[in-house]
Amino acid sequence: MPQLQILVLHGPNLNLLGVRDPSIYGRLTLEQINAALENRSAELHTNVACQQYNSEGAIVEAIHEALNSKDGILINAGAYTHTSIAIRDALSGVNLPVVEVHLSNIYCRESFRHHSYIAPIAIGQISGFGMDSYLLGLEALVRYLRNNRSG
Ligand code: DQA
């Protein structure tokens, strides 16, 4: 059986992890998070491609490119979570299973972070566990894909 191909998308400012608000986001860098995702993915016998973009259009294009090459998308859209109808439309447009993740618990923070445009079109959301949000999100997506694999 071919390995599942997962696209991991990190949104704006997540390239600054390690220096950005460590009391909220911790001290791990994006490279460390990506390395942990790659290790877990190898254990799960899946492939992950981790990409980070600061601009909305680049995220939309990366989602479009996933259409014929990926089986599912794990996304932390950063602040675009709370603002971007374009990213939500791209995700629902490619019709791939999506898991939304956040390092921080967005519901414990400012009220403008409580709304996600992505959540209604995602399989589910994991928020508040730091790097573990990504690892748990990957596991949930892989389980979902294996349980719902056609053929
Ligand atoms: C975030 C939460 C967002 O509100 C914020 O804009 C981010 C990071 C998180 O991972 O906790 O950039 O998505």
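Notes on the structure follow.

Quick look at the overall build of the chain
Secondary structure assignment for the chain yields 5 helices and 5 strands. Starting at the N terminus and walking to the C terminus, you meet the elements of the chain as β-α-α-β-α-β-α-β-β-α. Whereas a compact globule of 151 residues would reach a radius of gyration of roughly 15 Å, the chain reaches 14 Å, a difference of no more than 12%. Based on the C-alpha atoms only, the size of the chain along its principal axes is roughly 45 × 30 × 25 Å. Relative to its full complement of 151 residues, the chain shows a buried share of 44%. A separation threshold of at least 6 residues defines the contact pool for the chain, and within that pool the share at least 24 residues apart is 76%.

Examining the site of the ligand
Neighbouring residues of the ligand: Arg20, Tyr25, Asn76, Gly78, Ala79, His82, His102, Leu103, Ser104, Ile106, Arg109 and Arg113. Taking leucine 103, its main chain carries an N or O atom lying 2.8 Å from an oxygen atom of the ligand. Here the ligand loses 99% of its free accessible area of 320 Å² to cover by the protein chains. Under a 2 Å grid-point criterion requiring more than half of the atoms, the pocket assigned to the ligand is the largest cavity. Within the shell around the ligand, the residues separate by chemical class into 4 nonpolar, 5 polar and 3 charged.

So, helix α3 (residues 56–65)
Along α3, the positions that sit buried rather than exposed are Ile59, Val60, Ala62 and Ile63. Across the axial projection of α3, the buried residues extend over an arc of 160°, all falling on one side. Counted as exposed and oriented over 90 degrees from the buried face of α3: Glu61 and Glu65. If you follow the buried residues of α3, they end up packed against β1 (4–10), β2 (46–52), β3 (72–76) and α4 (85–94).

The rules behind these values
Residues numbered from 1 in each chain as written. Predicted model: local features only at pLDDT ≥ 70, side-chain atom pairs only at ≥ 80, totals over all residues. Heavy atoms only, no water. Helix = DSSP H or I, 4+ residues; strand = E, 2+ residues; numbered from the N terminus. Rg over C-alpha atoms; globule rule 2.2 N^0.38 Å. Buried < 20%, exposed > 50% of the residue type's maximum accessible area, 1.4 Å probe, protein only. Contact = heavy atoms within 4.5 Å. Near = heavy atom within 4 Å. Polar contact = N/O pair within 3.5 Å; in protein donor to acceptor, adjacent residues only side chain to side chain. Areas by Shrake-Rupley, 256 points an atom, 1.4 Å probe, with all protein chains shown as cover. 1 Å grid on protein atoms, 1.4 Å probe; cavity = no way out; pocket = protein on both sides within 12 Å on 5 of 7 lines; lining within 4 Å. Sits in = over half its atoms within 2 Å of the grid points. Nonpolar A, V, L, I, M, F, W, Y, C, P; charged D, E, K, R; others polar. Arc of directions from axis to C-beta.

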